[in-house]
Amino acid sequence: MPLLQVRDLAVEFVTADGVVRAVDGLSYAVDAGQTLAIVGESGSGKSVSSLAVMGLLQSPPARIPSGSITFAGTDLLTLSRKQHRAFCGEHIGMVFQDALAALNPVYTVGWQLTEALRARHGLTRRDARRRAMELLDLVQVPAARQRAREYPHQFSGGMRQRAMIAMALAMDPEVLIADEPTTALDVTVQAQIMKLLAEIQAERDMALILITHDLGVVASVADTVTVMYAGKAVEQGEVQRIYSRPAHPYTRALLRAIPRLDHKGRQLDVIPGRPPDPLHLPDGCAFHPRCDRAEDVCRAAPPPPLAELPGGGSAACYFAVEVMADGKPAERAES
Ligand SMILES: Nc1ncnc2c1ncn2[C@@H]1O[C@H](COP(=O)(O)OP(=O)(O)OP(=O)(O)O)[C@@H](O)[C@H]1O
Ligand code: SF4
Ligand SMILES: [Mg+2]
C-alpha cells in the first residue's frame, strides 16, 4: 500500500456564478523516499487538491463530492475537520505557495519556528531554540542565529522559502507537499532550493510532492510526474518516459516551453491561448482549442479517461499512443 494515496478526488466550489469543479477525478500515489511532481498551468487544480489533502479547504464554498485520501490505511476524508488537521500535523507537512502569507508577520522567524517545535515535540524553550537553529542551518539560512531575530518581511524571497521549509520540517512530516517552492525566485536560487529539498528528502526517507508549473524544474528530482489540465490528470508516469516520450499533447507543449541553456537565443514555444475558464470548459477535450493534434472527435466528445500506455504510465487523449510514438517534442524551427 502506498504511503499516501489519492483516489478519484473531486473538489468543487459553490460560487454565485455556478459550481466550479476545480479538481475532477484526480488519483495519485506516493511512497516514502519518492518524489512526485504535480505539474500544470495556473488554475489547473494543483493547490486546491493539496489543500484538500491537508484538510485546509474552507467549506463552504469548497466541497468534496467524491474520492478518498488515504495515508497508511487511514482515509482522511472520513475524519472530522479537526481530526484531519491534527493527523496532518503529525504526518503530512506543506510548504505554502505564498510564504509571506503563511508566515506570521508579527513574530520573528525564530520565534515561530521555536513555538512550532515546542507545540509539536513538547521541547523546552531552550531545546526548541537549539533545534530551530539547526533547522535554519539545514535549509541554509546564513547567519541563522542573527536571522532568527528578524521578521518575515526582512527576509528575501529565497530566504522566506527556506524559512517555510524549515517550519514544515519542524513538524517531522512523513510526506511533504511543496507548493511552487521556487516560483518568483531566480533560476540559481530555484536550483538551490530544489537540490536542498531533494537532499533533505533522501536523508529523511520522506515522501515529497512537488508542485510546479514548470516541468524543467523537476526533471532532475522527480521519480514520477502527474500532469494536470483543468482539474484533471491528463498524463502520469515515470519522469524519464514523460521527458523522452510524452503521450499527451499538453505534456509535449509543456516540454517545448522549458528554457534550455543549449538553445540560447532561440524563442521559446509558448502554449497558445490560455487555460480555460473553469465555469465554461470547452466541449469535448478541455485542451482542444489549444491542441496542435486536435481532430473533429476531440471537439465532439470528452477524451477517454486515463488509459495505460504501452511500457507504463497513462494518458487521457484519443491519440496518446501516436503522440508517444513521435518521441521527443519537436523543436521549433529557427526563424
Ligand atoms: N475559493 C474559491 N472559490 C472559487 N474557485 C476557486 C477557489 N479557490 C480556487 N478556485 C478555483 O479552483 C481552480 C484551481 O485552483 P488552484 O489554486 O488549485 O490552481 P493552481 O493549479 O494551484 O494554480 P497556480 O499555478 O496559479 O497556483 C481555479 O480555477 C481557481 O479559480
Ligand atoms: S484528445 Fe484531442 S484535443 Fe485532447 S489532447 Fe488529445 S488530441 Fe488534443
Ligand atoms: Mg497553486
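Per an unreviewed UniProt entry, the recorded name for the protein is ABC transporter ATP-binding protein, and the organism is Nakamurella aerolata. UniProt annotates the protein under Sequence similarities (unreviewed entry) with the comment "Belongs to the ABC transporter superfamily." In its Subcellular location (unreviewed entry) section, UniProt records this for the protein: "Cell membrane".

Student: Any details on the coordination of the magnesium ion (ligand 3)? Residues and values, ideally.
Tutor: Looking at the metal site, the magnesium ion (ligand 3) is ligated by Ser-47 (OG) and Gln-97 (OE1), spaced 2.0 to 2.4 Å from it. You can see Ser-47 sitting in helix 1 (residues 46-54) and its partner Gln-97 sitting in the loop between strand 6 (92-95) and helix 3 (99-102), a full 50 residues away along the chain.

Student: Summarise the domain arrangement of the protein; cite the residues concerned and give the values.
Tutor: The assigned domain composition of the protein is domain 1 (4-222) and domain 2 (246-326). Counting from both sides, the interface comprises twelve residues of domain 1 and, opposite them, ten residues of domain 2. For the pairing of domain 1 and domain 2, the buried interface totals around 820 Å² over both sides, and the portion due to carbon and sulfur atoms is 68%. The largest contributions to the domain 1 side of the interface with domain 2 come from Val-20, Glu-41 and Leu-215, which together make up 56% of the buried area. Applying the counting criterion to the domain 1 and domain 2 interface returns one salt bridge.

Student: Quick rundown of the site of ligand 2? Include the residues and the values.
Tutor: Near ligand 2 there are 13 residues, and of these His-248, Cys-285, Cys-291, Cys-298 and Cys-317 occur at the shortest range. Judged by the fraction of its atoms near the pocket grid, ligand 2 is located in the largest cavity. Class assignment for the residues of the shell around ligand 2 results in ten nonpolar, two polar and one charged.

Student: Give a detailed account of the sheet that holds strand 5 (residues 74-75), specifying residues and quantitative values.
Tutor: In space, the four strands of this open sheet follow the order 2-1-4-5, with antiparallel pairing throughout. Two strands lie at the open edges of the sheet, namely strand 2 (18-30) and strand 5, each paired on one side alone. Pairing of strand 4 (residues 62-71) with strand 5 involves two bridges; the strand directions are antiparallel. Following the sheet pairing, Thr-70 is matched in strand 5 by Asp-75. Sheet contacts for helix 1: strand 1 (4-15), strand 2 and strand 4; angle to strand 1, the most-contacted strand, approximately 110°.

Student: For the packing of aromatic side chains, give the residues involved together with the corresponding values.
Tutor: All told, the structure shown has six aromatic pairs when counted by the stated rule. Arranged with centres 5.6 Å apart and planes meeting at 75°, the rings of Phe-71 and Phe-87 form a pair that is edge-to-face. Here Phe-87 lies in helix 2 (residues 81-91) and Phe-71 lies in strand 4, a separation of 16 residues in the sequence. Put simply, the rings of Tyr-229, Tyr-250 and Phe-287 pair up and form one aromatic cluster. Directly above the ring of Phe-155 sits Arg-147, whose terminal nitrogen or CZ lies 4.8 Å from the centroid. Residue placement shows Arg-293 over the ring face of Phe-319; its charged tip is 4.3 Å from the ring centre.

Calculation rules
- Residues numbered from 1 in each chain as written.
- Chains lettered and ligands numbered in written order.
- Predicted model: local features only at pLDDT ≥ 70, side-chain atom pairs only at ≥ 80, totals over all residues.
- Heavy atoms only, no water.
- UniProt positions renumbered as here; feature names shortened; annotations may be inferred.
- Donors = N, O, S within 2.8 Å, 3.2 Å for Na, K, Ca; no water.
- Helix = DSSP H or I, 4+ residues; strand = E, 2+ residues; numbered from the N terminus.
- Domains from an automatic or database assignment.
- Contact = heavy atoms within 4.5 Å.
- Buried area = accessible area lost by both parts, 1.4 Å probe.
- Salt bridge = Lys/Arg side-chain N within 4 Å of Asp/Glu carboxyl O.
- Near = heavy atom within 4 Å.
- 1 Å grid on protein atoms, 1.4 Å probe; cavity = no way out; pocket = protein on both sides within 12 Å on 5 of 7 lines; lining within 4 Å.
- Sits in = over half its atoms within 2 Å of the grid points.
- Nonpolar A, V, L, I, M, F, W, Y, C, P; charged D, E, K, R; others polar.
- Pairing = 2+ DSSP bridges.
- Axes fitted to C-alpha atoms, helices over the stretch in contact; angles between N-to-C directions.
- Phe/Tyr/Trp six-rings, centres within 6.5 Å; stacked < 30°, edge-to-face > 60°.
- Lys NZ or Arg CZ within 6 Å of the ring centre and 35° of its normal.

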